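Structural characterization, general
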Amino acid sequence: MLVILSGVSGAGKDTIKKELIKRMDNVTTMPSITSRKPREDEQEGVQYHFVTKEEFENKIKNNEFYEYDLHHDNYYGTSKKILNEKIEEGKIIVKDIEVNGTENLVKLLKNDVKIITIFLKVEESELRKRLENRGDLEENIQLRLSRLYYEESKIKDYDYVIKNDNFEKTVQIIMTIIKNEERL
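Note that the coordinates shown come from a computational prediction; the quantities given were computed from them, not determined experimentally.

Some details on the overall build of the protein chain
Broken down by element type, the protein chain carries seven helices and nine strands. In summary, the protein chain has a C-alpha radius of gyration of 16 Å against a globular reference of 16 Å for 184 residues, a match within 12%. Summarising its shape, the C-alpha atoms of the protein chain cover approximately 45 × 40 × 30 Å along the three principal directions. Counting across all 184 residues of the protein chain, residues that qualify as buried make up 50%. With the model as given, the accessible surface of the protein chain reaches about 9900 Å², and the carbon-plus-sulfur share is 47%.

Right, dumping it as structure tokens:
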């Protein structure tokens with residue numbers, strides 16, 4: 001099963017994904033590949049696989065992605081090889097991905113793997129606070145906030161929408177969703 005977490009940058013996708021992995025034995029993650037530089041607290045192969053723009057474009061030419069997108073001037077993509085390996089392991093994969101990537105993955109994989117889509121909704125004022133707290137520059141904050149309305153316009157395409165205003169509550173809801181969906 002593939003569980004996709006979406007929401008605007010700063011919605012808490014990565015933090016929640018890490019918590020789900022800590023609390024649930026059968027849950028793993030699958031880092032996307034990106035051409036952006038790592039943030040201070042990120043490690044290669046944990047949050048992302050970091051490559052240059054040129055390396056990413058070569059992977060595009062070699063048809064190595066299920067989906068990819070140019071987002072905030074950087075590429076992000078889902079590796080066919082890595083995702084197929086994770087599916088073969090039989091674990092529940094929790095992947096954080098933006099709305100266009102979600103749409104593409106669902107179209108491509110819906111007949112081959114069970115996919116659950118969850119959108120994490122955050123109020124604009126709370127989102128600004130989170131982005132400021134993680135040290136984003138004002139121009140990056142504006143860029144991410146401008147994307148908020150576009151991302152929220154895609155909510156109707158998701159199986160679940162959760163207002164992420166309480167970390168523990170959000171984690172508990174998602175754990176319940178995963179357990180219930182696993183039984184279906």
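Observations concerning the environment of Asn180
Residue position: Asn180 is located in helix 7 (residues 167-183). Overall, Asn180 belongs to the partly exposed group, its relative accessible area being 37%. At 3.1 Å, the side chain of Asn180 forms a polar contact with the side chain of Arg183.

Re the side chain of Thr78
With respect to the secondary-structure elements, Thr78 resides in strand 6 (residues 74-79). By relative accessible area, which is 0% here, Thr78 ends up buried. Polar side-chain contacts of Thr78 include one of 2.4 Å to the side chain of Glu67.

Points about the sheet that holds strand 6
Read from one edge to the other, the open sheet built from four strands follows the order 4-3-6-5, with strand pairing classed as mixed. With one partner strand each, in any of the chains shown, strand 4 (48-50) and strand 5 (65-71) form the two edges of the open sheet. Direction aside, neighbouring strands of the sheet carry axes that sit 25 degrees apart on average. Contacts between helix 2 (residues 53-61) and the sheet are confined to strand 3 (32-34), strand 5 and strand 6, with strand 6 contributing the most and set at about 45 degrees to the helix.

A short note on the confidence of the model for the protein chain
Low pLDDT marks regions whose predicted coordinates should not be analysed in detail. Predicted confidence across the protein chain gives a mean pLDDT of 89, with 100% of residues reaching 70 or more. In the model of the protein chain, helix 5 (residues 124-133) stands out as the element of lowest mean pLDDT, 77, in contrast to helix 2, which has the highest, 97.

Brief notes about the sheet that holds strand 8 (residues 115-121)
Paired through their backbone hydrogen bonds, the strands of a sheet run either parallel or antiparallel. The strand order across the open sheet formed by five strands is 2-7-1-8-9, and the pairing between neighbours is parallel. Each edge of the open sheet carries a strand with a single partner, namely strand 2 (27-29) and strand 9 (160-163). Across the sheet, the axes of successive neighbouring strands diverge by a mean angle of 25 degrees, strand direction being ignored. Of the pairings in the sheet, the one linking strand 2 to strand 7 (residues 92-96) comprises three bridges and is parallel in character. Counted as the bridge partner of Thr28 is Ile93 from strand 7.

Structural notes on helix 6 (residues 138-152)
In this model, helix 6 (15 residues) spans 21 Å end to end at C-alpha, consistent with the 21 Å of a helix rising 1.5 Å per residue. Taken together, the buried positions of helix 6 are Ile141, Arg144, Leu145, Arg147, Leu148, Glu151 and Glu152. On its buried side, helix 6 packs onto strand 5, helix 4 (99-109), strand 8 and helix 5.

Observations regarding the nonpolar core
Ranked by size, the top nonpolar core spans 26 residues in total, and within it Val3, Leu20, Ile118, Ile174 and Ile178 carry the most contacts. Sorting the residues of this core by element identifies strand 1 (2-6), helix 1 (13-23), strand 7, strand 8, helix 5, helix 6 and helix 7 as the ones contributing at least two each. With five residues, helix 7 is the single largest residue contributor to this core. Look past the residues within four positions of Ile118 in its chain and what remains in contact with it is Val3, Ile4, Leu5, Ser6, Tyr158, Tyr160, Ile162, Ile174 and Ile177. In terms of nonpolar packing, the next biggest core, distinct from the first, is built from 12 residues, Leu2, Ile4, Leu83 and Ile93 among them.

Rules of the game
- Residues numbered from 1 in each chain as written.
- Predicted model: local features only at pLDDT ≥ 70, side-chain atom pairs only at ≥ 80, totals over all residues.
- Heavy atoms only, no water.
- Helix = DSSP H or I, 4+ residues; strand = E, 2+ residues; numbered from the N terminus.
- Rg over C-alpha atoms; globule rule 2.2 N^0.38 Å.
- Buried < 20%, exposed > 50% of the residue type's maximum accessible area, 1.4 Å probe, protein only.
- Areas by Shrake-Rupley, 256 points an atom, 1.4 Å probe, with all protein chains shown as cover.
- Polar contact = N/O pair within 3.5 Å; in protein donor to acceptor, adjacent residues only side chain to side chain.
- Pairing = 2+ DSSP bridges.
- Axes fitted to C-alpha atoms, helices over the stretch in contact; angles between N-to-C directions.
- Contact = heavy atoms within 4.5 Å.
- pLDDT = per-residue confidence, 0-100.
- Expected span 1.5 Å × (residues − 1).
- Core = buried A, V, L, I, M, F, W, Y, C linked by side-chain atoms within 4.5 Å.

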